[in-house]
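Coordinates in review
Listed below, chain by chain, are the residues.
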Amino acid sequence: MSGNQSRPKVVVTHWIHDEVVALLERYGEVVVNETRETLPRAEILRRARDAQALMAFMPDHVDEEFLTACPRLRVVSAALKGYDNFDVDACTRHGVQLTIVPDILTVPTAELALGLLLSLTRHLHEGDHFMRSGGFQGWRPHFYGTALTGRTVGIVGMGAVGRALARRLSGFDVDILYADRLRLDPAKETSLSASYTPFEELLERSDIIFPLLPLTPQTLHLFDAACLARMQRGAILVNVGRGSLVDEEAVAAALQSGQLAGYAADVFEMEDWARPDHPRQVPQVLLDDTTHTCFTPHLGSAVDEFRLAIELEAAHNIIQTLQGQKPAGAINCPR
Ligand SMILES: O=C(O)[C@H](O)CO
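Nothing here was measured: the structure is a model prediction, and the numbers come from that model. (Residues numbered from 1 in each chain as written. Predicted model: local features only at pLDDT ≥ 70, side-chain atom pairs only at ≥ 80, totals over all residues. Heavy atoms only, no water.)

A word on helix 2 (residues 41-48)
Turn by turn, an α-helix covers 3.6 residues, leaving residues three or four places apart pointing in a common direction. Among the residues making up helix 2, those that are buried are E43, I44, L45, R47 and A48. Elements that come into contact with the buried residues of helix 2 comprise strand 1 (9-12), strand 2 (29-32), strand 3 (53-56) and helix 3 (64-69). (Buried < 20%, exposed > 50% of the residue type's maximum accessible area, 1.4 Å probe, protein only. Helix = DSSP H or I, 4+ residues; strand = E, 2+ residues; numbered from the N terminus. Contact = heavy atoms within 4.5 Å.)

What follows is the structure, given as structure tokens:
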């Protein structure tokens, strides 16, 4: 299939709901990935080389090479918030509108962050595995965990997800510290029961830390060996932001030495395609350590109605661009 002037070609790199396909079909010829897998990059390029619009997802890497191979693209609509795998400057140079969906993932991601924390601190995933392995004979004095009440929680990056998490944490009777470039206004701090704290101090005072920053050259490996060493001995790190906010090898070493008591994550360095040196897999040593780690496969926004809403917003960004309007989720001004 090829795009033409009257029926623009819209390529969707991953599976989406039928109603979103139907919506897009009112505006163009839609080629959608009907599998639940990521297609090889060569196949995506083959489909997109004559497309005017691309709906892209976390595993996609839209860079200079991609854009050069798809010269008719007018819009790359990323169905996500964290656009670190998308080269904004290259899009701008190629006259391609890049759009994102910034807010819809907020609540499910905050909920998942709490779930990971509870699973790690109360051994939920290990307990579940134990039950299914046939070992349960009734109560025993085992799987003792850590309570949240009375703990100090540090949120690094008080954006929408950080604030949603703070609101949910306040029911757990914890002290909430936060670090960010900008301080919230006092009324907001009060409503979130969160205290502004310089990053270094937050590291030293927190029992549990959530890095919730975008991945940029400045935040890459923010939680490296030196940073982990500044944390309280026995602290816990929960990462639902981007894998490369932490140095996973340094995290593994800190777990082994006892400097970290736990690491829970929904995101992994191997997903950060824009880094030429990104690891190709999650370190095996982390996967093997089921006592001190708990992992989910990038499920932050994986709630059906939220995914549908994200896809619909991404579709509207495509439609608005194709109709010559400035799309709501625009993050660049292409020439
Ligand atoms: O940034 C986002 O939206 C998610 O992490 C990827 O789907």
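A look at the packing of helix 5 (residues 106-121) against helix 7 (residues 160-169)
Packing of helix 5 against helix 7 leaves a shortest axis separation of 8 Å and a crossing angle of 55 degrees. The orientation of helix 5 with respect to helix 7, classified from their angle, is oblique. Here helix 5 runs over helix 7; the crossing is right-handed. Note on element contacts: helix 7 touches helix 5 through A160, V161, A164, L165, R168 and L169, opposite T106, V107, T109, A110, E111, A113, L114 and L117. Its residues assigned to classes, the contact of helix 5 with helix 7 comprises 10 nonpolar, two polar and two charged. (Axes fitted to C-alpha atoms, helices over the stretch in contact; angles between N-to-C directions. Parallel < 35°, antiparallel > 145°, perpendicular 65-115°, else oblique. Left-handed = near helix turned anticlockwise from the far one by under 90°. Nonpolar A, V, L, I, M, F, W, Y, C, P; charged D, E, K, R; others polar.)

A closer look at the domain arrangement of the protein chain
Segmenting the protein chain into domains produces domain 1 (9-103 + 304-323) and domain 2 (106-295). For domain 1 and domain 2, the distance between their C-alpha centroids amounts to 31 Å. Between domain 1 and domain 2, the contact holds 10 residues from the first and 11 residues from the second. Summed over both sides, the interface of domain 1 with domain 2 buries roughly 890 Å², with 52% coming from carbon and sulfur. D84 serves as the salt-bridge partner of R242, at 3.0 Å between the closest nitrogen and oxygen. Looking at the side of domain 1 that touches domain 2 residue by residue, the class counts come to three nonpolar, three polar and four charged. (Domains from an automatic or database assignment. Buried area = accessible area lost by both parts, 1.4 Å probe. Salt bridge = Lys/Arg side-chain N within 4 Å of Asp/Glu carboxyl O.)

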